[in-house]
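The residues making up each chain are set out below.
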Amino acid sequence: GQSHSIMLRLVKYLRDQYLLIARDLTQIEKLETTRKDFVANVSHELRTPLTVLTGFVETLKDAPADALTAEQREQYFNMMYQQAQRMEALVSDLLTLSNIETSPSAAFAKVDMDALIEQERQQIEALSAKRHRLEWDITPDLHVYGDRAELASALLNLMTNAVRYTPADGLIKIRWAPEIDGGAKFSVIDNGIGIASEHIPRLSERFYRVDRGRSREVGGTGLGLAIAKHIALRHETALDIQSKLGQGSTFSLIFPPERLVSTDTSKASEET
Ligand code: ADP
């Protein structure tokens, strides 16, 4: 009687343990596949510009002195420079991603969001080069608790994408505003090319792009949203994507109330 039920409990226990280990193994296998895919992707992304670059170097090296005009030469150097820049952007994004993933916790402090956005405004205006109408609607004195450099990088990625994926004459609105629940939302609203719904859930995967060719053409590395998503996660903040193909997209970072630094009234009165 009793020894039988002990046996039964033991068998049950062993079975549960086995199931747990089996589940862990599937998890490990999945991670391993992701890692292998990542390495394959990085290699591919680096090899393409490197092949082009090598091709140009060889041509220039082997061409007889008078075979190329000064213009042709300049054109070749421009194209080589472009490829080098592409590799540089990729390596820089990879380093950012690796930094976020390996450093245990970000350096959290009060971040003055309107100053941060203002700081990036020039870069965005330069990238747009007056091709778009940019509207800035930024609430002052709405501070969050976070890592300044990381938030800067997340915001910049979302704004850069809006500029890249919105044709000339498009409208891009950048908003930073409080939410009714006591949180706050940063949003970038564009009326650009938009994204078909089936792609939306996968956009923040590393190297996932709707249109590989177009993304490269506009200077994308395929890592921008992966970086933004990761940073959002570290700030317990949601990255929300709304988009309609052909109509435009809205990318938002939704900060919960806990992330906001409540306005310190005692300090404000001290200053007056
Ligand atoms: P990329 O460097 O290719 O822009 P991201 O990770 O930043 O990489 O974005 C992934 C993909 O999401 C892009 O290749 C593009 O297809 C799509 N995407 C991102 N932002 C927008 C946007 N504002 N409008 C349309 N498509 C976008």
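Above this text sits the structure in question.
Small disclaimer: the values here were computed from a predicted structure and weren't measured.

(A) The sheet that holds strand β4 (residues 171–178), seen in detail. An order of β2-β4-β5-β7-β6 is seen for the five strands of this open sheet, with the pairing classed as mixed. A single partner strand is all that each edge strand has here, and the edge strands are β2 (133–138) and β6 (238–244). Between one strand axis and the next, the sheet turns by 10° as a mean value, whatever way the strands run. Pairing of strand β5 (residues 184–190) with strand β7 (residues 248–255), which is carried by seven bridges, proceeds in the antiparallel orientation. Residue pairing across strands places Asp190 opposite Ser249, the latter belonging to β7. Against the sheet, helix α4 (residues 148–164) engages β2, β4, β5, β6 and β7, with an angle of about 25° to β5.

(B) Looking closely at the pattern of salt bridges. According to the stated counting rule, one finds 13 salt bridges in the structure shown. Here Asp137 and Arg175 are joined by a salt bridge, their closest N and O atoms 3.6 Å apart. A residue pair is termed long-range when its members are at least 10 positions apart, and Asp137 in strand β2 and Arg175 in strand β4 qualify at 38 residues. Close ionic contact of Arg259 with Glu236 constitutes a salt bridge, the shortest N to O distance being 3.0 Å. Here Glu236 lies in the loop between α6 (224–234) and β6 and Arg259 lies in the loop between β7 and β8 (260–261), a separation of 23 residues in the sequence. Bridged by salt links that share partners, the residues Glu45, Arg209 and Arg212 form one connected network.

(C) Up close: helix α3 (residues 113–128). Taking 1.5 Å as the rise per residue, α3 with 16 residues should run 22 Å; its terminal C-alpha atoms sit 22 Å apart, in good agreement. The largest bend in α3 comes to about 30°, at Arg121. Every buried residue belonging to α3 is among Met113, Leu116, Ile117, Glu120, Ile124 and Ser128, and all of these are buried. Following α3 by one or two positions, Ala129 adopts a phi angle in the positive range, close to 50°.

About the criteria used
- Residues numbered from 1 in each chain as written.
- Predicted model: local features only at pLDDT ≥ 70, side-chain atom pairs only at ≥ 80, totals over all residues.
- Heavy atoms only, no water.
- Pairing = 2+ DSSP bridges.
- Helix = DSSP H or I, 4+ residues; strand = E, 2+ residues; numbered from the N terminus.
- Axes fitted to C-alpha atoms, helices over the stretch in contact; angles between N-to-C directions.
- Contact = heavy atoms within 4.5 Å.
- Salt bridge = Lys/Arg side-chain N within 4 Å of Asp/Glu carboxyl O.
- Expected span 1.5 Å × (residues − 1).
- Bend = angle between axes of the 7 residues up to and from the residue.
- Buried < 20%, exposed > 50% of the residue type's maximum accessible area, 1.4 Å probe, protein only.

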